[in-house]
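Close look at the chain arrangement
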Amino acid sequence: MTALTDTPAAAAAAEPREEFPESSTMAGGTVIKTPPGTVDEGESVDTSTVTPRELKGWWLFGFAAQGFTGLALDVFSPIILQSLAAYAGYESKDRTTPCNPDNEGYDCGVYVGSLWVNTTSLVLYAKTLATLTQAFVFISLGALADYGARRKTFLIFFAVLTAMCGYTYLLAYKYSLWWLPFLGFIFGTIFYGSAWVFEFAWLPILSRYHPDVVDAYARNAKTSEIHVLRDRTCHRISAGGIAFGGGSAFCQVIIGAVIALTLGQIPHDKWGLPKVYALQIAVAFSSTWLLIGLNFPRRWLKARPGPPLPAGENYLLFSWKKLIHTIRRARRLSTLFRFLIGWFMFSDAFNTILAIAILFFQADLGIGQTGLLGAAIVADFCQAGGVWVWVHIQRRFGIQTKNLIVIQASLYSIIPLWGLLGFLTGRGSVGLQNPNEIWALAAMHGFMLGGSQSSCRVLFSELLPQGMETQFFSLYAITENGSAWIGPLVVAAIGDVAGNRRYAFFFILFLFLAPIPLFWGIDAKKGKAECREFLIAEGREVDVLNEDGGEDGETQTVIEEGKGSIGLVKRKSGGVVA
């Protein structure tokens, strides 16, 4: 038991410190010393200290890749798909009269197989199909990165496939080929999300083996100090990635706007090209940016291999077996799954609000390509700067990460409330009734998006079991990208059935508000303790700080007899306890 102290100095001296215990033995296994900053050659697990070059390589993947979604997937694709399909489609009233998109308030659609789809909803249904497929793909990828040395290989592989999908837009040289960028958008979304599954898996590793954290271990720093240090380090790394990615999107949208405005002056009818072909060229430019930028993470990012796959297991099937195994034991990780439920709704909300805003301003308020491009530039600029503002706010006021997310979700709900205000006002007023409101909405969305993504990523990385980063970040990506099919599907259905997309803001408001009590009730210390107990039960390697503030602060790694797997025990003065 911890001795009672009479003075603050004595209490500080009695606080537990993180130490690396000496090797020893115990019944049923061998205790070995494995501090951060080393490479465990026996298991081929790289725990070497993070270098500045590696950290820049991780950041620069975001600089290379995130602009693709900022320019190609989120901004230009909705415009391209709607325009190509409209000029190739037919009026909805009889489904036989060729559509004329130059008529204000046109209502047209196309057949996707035997299904009639309104052109304004086409991209939403494409997003739905892509995200449903992502759920299957993401789960299958878990073992490919958590085991063996293929994490970096697949990161680059899926990023290259994403770029190839962008080039398919150039093949749609006439309106009847609208289905080519339609498929390119679907597969590009799948491959892009798959690449980020592997990218996210580096975050807890980079923070765990960051030089500042390793140094704190080496000097036997207090447990509370290391907790704070790891949290701040993770925030700094995550914010850097968001800022680099946001900066990339900002630059690409500006260049894309120049391409669109410059080449848009060319008489496309003379060449027989679609009116939006300049935007299709801009998407191909984004693919080229991605391929060139991949050289930096390819050269600088360490492979960080994991342990070998258990004998007799298959990489694809093993991921599903592990997922089913984990879900069955979800009660052991109740805090983590509580977060995922909240993240499921929160991410769906801010992903859907962007899609509906683009369609709303374009179809209902008549915003042209120039206005949408300008709004995208404002949003990306605010996203790149906003993430650092949120980091400063958290440091300045000492706000816990979960509380910061609650604040961000509450503020984000202003956007759907703003849209609902339009039911009480008229055209030209406020409540998304005036085209000029796009600038304020873009600025607020960008400012909130970067900070929200970074905060949620950091909190999740604190709650996931060590050594299972990709498996659990697959679930994280599924709930972010895979859940996004709900929002677009509901919004598209509301638009098609009710004839007024404004009603969709009620649904989006619910998605922002519902996860707030879930985030508020998260106990990070409890979550870390659950991870420790989960890994002990699973016989996995773990590097866990003392969670309860007691005096049993020493952690050791155990190779369980007969399994060859690694687990954790804590040593008391009288023996060893799991």
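On a predicted model such as this, the values are computed, not experimentally measured, just so you know.

Turning to the nonpolar core, a few remarks are in order. Burial of nonpolar side chains together is a common tendency in soluble globular proteins. Counting residues in hydrophobic clusters, the biggest one holds 141 residues, and the most contacted among them are Phe76, Leu336, Phe339, Phe346 and Phe460. In terms of residue count, the dominant contributor to this core is helix α2 (residues 52-88) (17 residues). With residues near it in sequence (within four places) discarded, Phe460 still touches Leu336, Phe339, Leu340, Phe472, Phe473 and Tyr476. Ranked by size, the runner-up nonpolar core spans 5 residues in total, among them Ala239, Ile242, Ala243 and Val387.

Predicted coordinates in regions of low pLDDT should not be interpreted in detail. Confidence in the prediction of the protein chain, expressed as mean pLDDT, is 78, and 83% of residues score 70 or more. Below pLDDT 50 for its whole length, residues 1-43 participates in 94 contacts with residues either more than four positions away or in separate chains. Under a pLDDT of 50 for its full length, residues 544-578 has, in the predicted model, 99 contacts with residues more than four places off or in other chains.

This part covers the packing of aromatic side chains. Tallied over the entire structure, the rule returns 39 aromatic pairs. With a centroid separation of 5.3 Å and 85° between ring planes, the pair formed by Phe346 and Phe350 is classed as edge-to-face. Here the residue Phe346 and the residue Phe350 both occupy positions in helix α13 (residues 334-364), the gap between them amounting to 4 residues, near one helical turn. For the pair shown, Phe346 and Phe350 are each scored as buried. Here Arg151 stacks its cationic end above the ring of Trp202, 5.6 Å away from the centre of that ring. In this arrangement the basic side chain of Arg396 is found over the ring face of Phe397, its NZ or CZ atom lying 5.3 Å from the centre.

The next point concerns the pattern of salt bridges. One pass over the structure, following the stated rule, counts 4 salt bridges. With a shortest N-O distance of 3.3 Å, Lys93 and Glu91 are connected by a salt bridge. Take Lys93: its relative accessible area is 71%, and that puts it in the exposed class. Note that Arg219 and Asp215 form a salt bridge whose closest N and O atoms lie 3.3 Å from each other.

Another point: unusual backbone geometry. The backbone of Asn220 sits at a positive phi, close to 55°, despite the residue not being glycine. Of note, Asn220 is situated in the loop between α7 (211-218) and α8 (223-263). With relative accessibility at 30%, the residue Asn220 sits in the partly exposed group. Backbone geometry places Leu432, a non-glycine residue, at a positive phi of 55°. Structurally, Leu432 can be placed in the loop between α16 (414-420) and α17 (437-463).

Rules of the game
- Residues numbered from 1 in each chain as written.
- Predicted model: local features only at pLDDT ≥ 70, side-chain atom pairs only at ≥ 80, totals over all residues.
- Heavy atoms only, no water.
- Core = buried A, V, L, I, M, F, W, Y, C linked by side-chain atoms within 4.5 Å.
- Buried < 20%, exposed > 50% of the residue type's maximum accessible area, 1.4 Å probe, protein only.
- Helix = DSSP H or I, 4+ residues; strand = E, 2+ residues; numbered from the N terminus.
- Contact = heavy atoms within 4.5 Å.
- pLDDT = per-residue confidence, 0-100.
- Phe/Tyr/Trp six-rings, centres within 6.5 Å; stacked < 30°, edge-to-face > 60°.
- Lys NZ or Arg CZ within 6 Å of the ring centre and 35° of its normal.
- Salt bridge = Lys/Arg side-chain N within 4 Å of Asp/Glu carboxyl O.

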